[in-house]
Each structure stands twice: as structure tokens, then as C-alpha cells.
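Observations on the model geometry
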Amino acid sequence: MGFVVSPNAKSWIRVDANSHFPIQNLPFGVADLGEDSQVLVTRIGDFAVDILGLIEGGVLAEYGFDEAEGFSEIGKMNFVELRRGLYDLLREGNPKLRDNSKLKKEVMLPAEELRMLLPMEVPSFVDFYSGIHHASNVGKMFRPDMPALLPNYRYLPVGYNGRASSVVPSEVPIIRPKGQTKAADADVPTFGPTQELDFELELGFFLIEGNEFGESIPVAQAENYIGGLVLVNDWSARDVQRWEYQPLGPFLAKSFATSVSPWLVTLDALEPFRIDGQKQDPEPLPHLRRPRLNHFDIVLEVSLQTEKMTAPQIISQTNSKELYWSFAQQLAHQTSNGTPTEPGDLYASGTISGPEEGMFGSMLELAWRGSKPIVMNETGEERRFIEDGDTVRLTGYCVGKGYRIGFGTLENQVMPSL
Ligand code: MN
């Protein structure tokens, strides 16, 4: 069983009503303190709390944490107990940490000043294509003579095995990749920096447990393997993609960079925001038939800031309910052939676009393949794709009564090709 904090609970730490990190969230992240020192932290309001410091300070012993463990070795049960212990230490009325000013000074770190790493090491990365509006928009643009959705789309969560080595945290600069592209009127391709660098607004889940070689994870149990969700930006080079993707799918157009937000938000924290999601028609085959309420209602936003701008401009607002396939269905599908998975595996959802303009999760769609450039209100600059110096910022949050559960931000600036 999981651990869900009551919507009415409060902490002795002051948390803004708009903060993504009230006591109901308690996500996990890894902070880099320099000199090879990395610490597992949780987040509340403006503070990151050093969990190993709490363990060494003895205040988590009654929850079974009396020895510092590596983060990726924490199993599901421990994970739940750890959040329960953190909640108890931070809840209003508990003086144990509140009145221990020495320990408090050691473990409460100002979150904004920390450099955050990936929440888990990533052995494998898979990217799905479960945003139905994105899939149909891309179909309309890339295959105008065919139905927008290919015949398999409503029978299985389409995806591909991506590249884990280029999964990077927030704030790491993204270097414009080079690749082969072929202009529509050219006979042969050329090699050089992409002219169509794009972002993809996605959510992703990290596994906290895997299955053995030859076994499959049943859809009804799939969520037990999921440690939590993050925001994912699946950076893409559209001109490279168009030339290389047939017949085997994405390769170098995607594998140069994928960025991930720092805080792993548990499904327990998202529990009050469960929804049924889209009606699936036709009904999926039995092995993918989902339990009820296995989607989540998460508001998602993309902002863009050019080097000339002083503040980011929101260019897209959408919601995770636009995913056709749920995370549980994606994991059940991935393992349905018996492929093994392991803790830290990252599964991204696919670009999440809403049904209308202004709700699209990529520049390809927002500027409709370059035909409707986005205007930056502050400077009058136009954007068809992402330019050098631009910063792309993703955020996401659930709206509760008087509180939010959020992911913080994922932002990366684009640098010129080397
Ligand atoms: Mn993608």
C-alpha cells in the first residue's frame, strides 16, 4: 500500500499556496554538492532536505532508516516508508526536527542554489508516442495522403528504444546537433547543424523495480514498478528526422539529448489527481486492458525565452489527459514480449499536445512546420524552430483545493554547434 498525505495536512515549514512542493508532494531528487558529493534530497517549499543527513542525525531511525543507503537501491516498500517518515518529521506539531536547530541547519538546503542531477541513473530509455493529438498532427504533416493515425495506433502504444547516454538534467546546455538532411528540391543530402531544432513536451516515468528476462509485467500491476514521474524534453532535429526515419524510425534526430526535470514525483503524491483519461476505442486487447483511473490530471506549460528577452513567454498550455495510452499500459506493452527492465529505466510518454492551437507540445506543431511563426511579444522576434541562445522551459502541476502538486521546472538553453 502507498502513502497519501491528507489534502489538509500542513508543515511547520511555510509553503506558498502556489508552490509545487507542499507537504503532500515530498518528491525525491539528487543534489550535487560538489567535490564528488551527491546527496538524496526531498523538497518542501523553498528547501531541499538532505535525507542522508536526516538518517545520520538519527531522526528517521523509527521508520527503519538507520543506515545511509544508495538511492537507486531503495525498493518500493522502503520508498513508501521513507515518504511516511519524511512527512512525520515535517508535519505541523512535530518538534523532532523543527526544534533541533543544529540538525536543521545541516539538512535544510536552499533549493534554488542547488545543482540538481538526474533523480536516478538511466540504464535504458524508451520514448513512446502516446499523445494522440501530436501523433495525428505529425501524420497530417509528414504523410498528407494517408489517414493521420496509422492502423496500429489504437491497438498498441507505439514507441522506440532511445539512447540513455544522452539523458541529461535540467540546466545542462543543449548543443545544436549536426546531421544529414536533404532539402525537398535537392538530389543528395548535406551534413551540418540542424536548421529545425525542436523540443517535445513529455512526461516520463522511472522504474523503481524491474522484471526478469522472459517475464512480463501485467497491466494491473504495472504501477507498482513505477517510482514516479518527471517532465521530459525529448529534443528533436526535424530536418534530420524527416530524412532518416523511414523505414526503422527515429535515430540521430532524437539521440543527441533528452532532458529530465529534477524531482521524481511519486504516484502516491499524484493519487488525488487520478482520472479515467480518454475513452479507448476499440477496447484494447486483454493484456493492455487498463484498470480504471490510471491517468492523471496534470497541467503542462512550455515557455520560451530568447537571449534578447528579459522573461520567458508561455507558448503552449496543455494537460496530461491528452495521452491516449496510460503509463501502466506503456509498461505492460514494453514487457509483453518478455524483455527485462531494471530500476532507473526511463519511459517517456510521447509529445503531449492538446486538440487546439496554443496547446501543442512542439514547435513543429505550434508554428505548423514553419508556416505560422510564433511571435515573441516582448521583442517582436519570430520563431519557427529553436534558435541558438533560446531557453526552453517546461513546467507541470496538479491543482488541488488550496495547494498544488508540481514538478518544478525543466529548462535548458541551446548553444551553437561545435
Ligand atoms: Mn518524443
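Keep in mind that what you see is a predicted model, and the values were worked out from it rather than measured.

What counts and what doesn't
Residues numbered from 1 in each chain as written. Predicted model: local features only at pLDDT ≥ 70, side-chain atom pairs only at ≥ 80, totals over all residues. Heavy atoms only, no water. Salt bridge = Lys/Arg side-chain N within 4 Å of Asp/Glu carboxyl O. Helix = DSSP H or I, 4+ residues; strand = E, 2+ residues; numbered from the N terminus. Patch = residues over 30% accessible without salt bridge, like charges linked within 9 Å, V, L, I, M, F, W, Y side chains within 5 Å. Areas by Shrake-Rupley, 256 points an atom, 1.4 Å probe, with all protein chains shown as cover. Buried < 20%, exposed > 50% of the residue type's maximum accessible area, 1.4 Å probe, protein only. Core = buried A, V, L, I, M, F, W, Y, C linked by side-chain atoms within 4.5 Å. Contact = heavy atoms within 4.5 Å. Donors = N, O, S within 2.8 Å, 3.2 Å for Na, K, Ca; no water. 1 Å grid on protein atoms, 1.4 Å probe; cavity = no way out; pocket = protein on both sides within 12 Å on 5 of 7 lines; lining within 4 Å. Points joined across faces, edges and corners; volume = space filled by probe spheres on them. Nonpolar A, V, L, I, M, F, W, Y, C, P; charged D, E, K, R; others polar.

Bringing the pattern of salt bridges into the picture now. This structure, assessed with the given rule, holds 23 salt bridges. Across the salt bridge formed by lysine 96 and glutamate 62, the nearest N and O atoms sit 2.3 Å from each other. With lysine 96 in helix H3 (residues 95-98) and glutamate 62 in the loop between helix H1 (51-56) and helix H2 (76-90), this residue pair connects regions lying 34 residues apart in the sequence. Measuring nitrogen to oxygen at the nearest pair gives 2.5 Å for the salt bridge that ties aspartate 88 to arginine 91.

So, on to a nonpolar patch on the surface. Together, Tyr155, Leu156 and Leu285 make up a nonpolar patch on the protein surface, roughly 260 Å² of accessible area in all. Structurally, the position occupied by leucine 285 is in the loop between strand E17 (274-275) and strand E18 (295-296). Looking at leucine 285, the relative accessible area reads 43%, which means it is partly exposed.

On to the nonpolar core. Counting 64 residues, the largest nonpolar core has Leu270, Ile315 and Leu331 as its most contacted members. For this core, the leading source of residues is helix H5 (residues 132-142), giving five residues. With near-sequence residues (within four places) excluded, leucine 270 lies in contact with Leu229, Val265, Phe296, Cys398, Ile405 and Phe407. Listed in part, the 43 residues of the second largest apolar core include Phe3, Ile55, Phe206 and Ile208.

Most of helix H8 (residues 327-334) sits out of view: seven of its eight residues are buried. For H8, the secondary structure elements touched by its buried residues are strand E6 (125-128), strand E7 (159-161), strand E13 (201-207), strand E14 (226-233), E18 and strand E21 (346-348).

Our next topic: the coordination of the manganese ion. Asp127 (OD), Glu200 (OE), Glu202 (OE) and Asp234 (OD) make up the full set of protein donors to the manganese ion, lying at 2.1 to 2.2 Å. Donor residues for the manganese ion, ordered by position in the chain, follow D-x72-E-x1-E-x31-D. Highlighted residues: glutamate 200 in the loop between strand E12 (197-198) and E13 and aspartate 234 in the loop between E14 and strand E15 (236-237), separated in sequence by 34 residues. Both residues of the pair, glutamate 200 and aspartate 234, belong to the buried class.

With that settled, the discussion passes to the layout of surface pockets. The calculated volume of the largest pocket comes to roughly 610 Å³. Around the largest pocket, the lining is made up of 28 residues, and of these Tyr129, Arg143, Val158, Tyr245 and Pro250 lie nearest the centre. Elements with a minimum of two residues in the lining of the largest pocket: E6, H5, E7 and helix H6 (238-244). Among the elements that make up the lining of the largest pocket, the one with the highest residue count is H5 (four residues). A class-by-class count of the residues in the lining of the largest pocket yields 15 nonpolar, seven polar and six charged.

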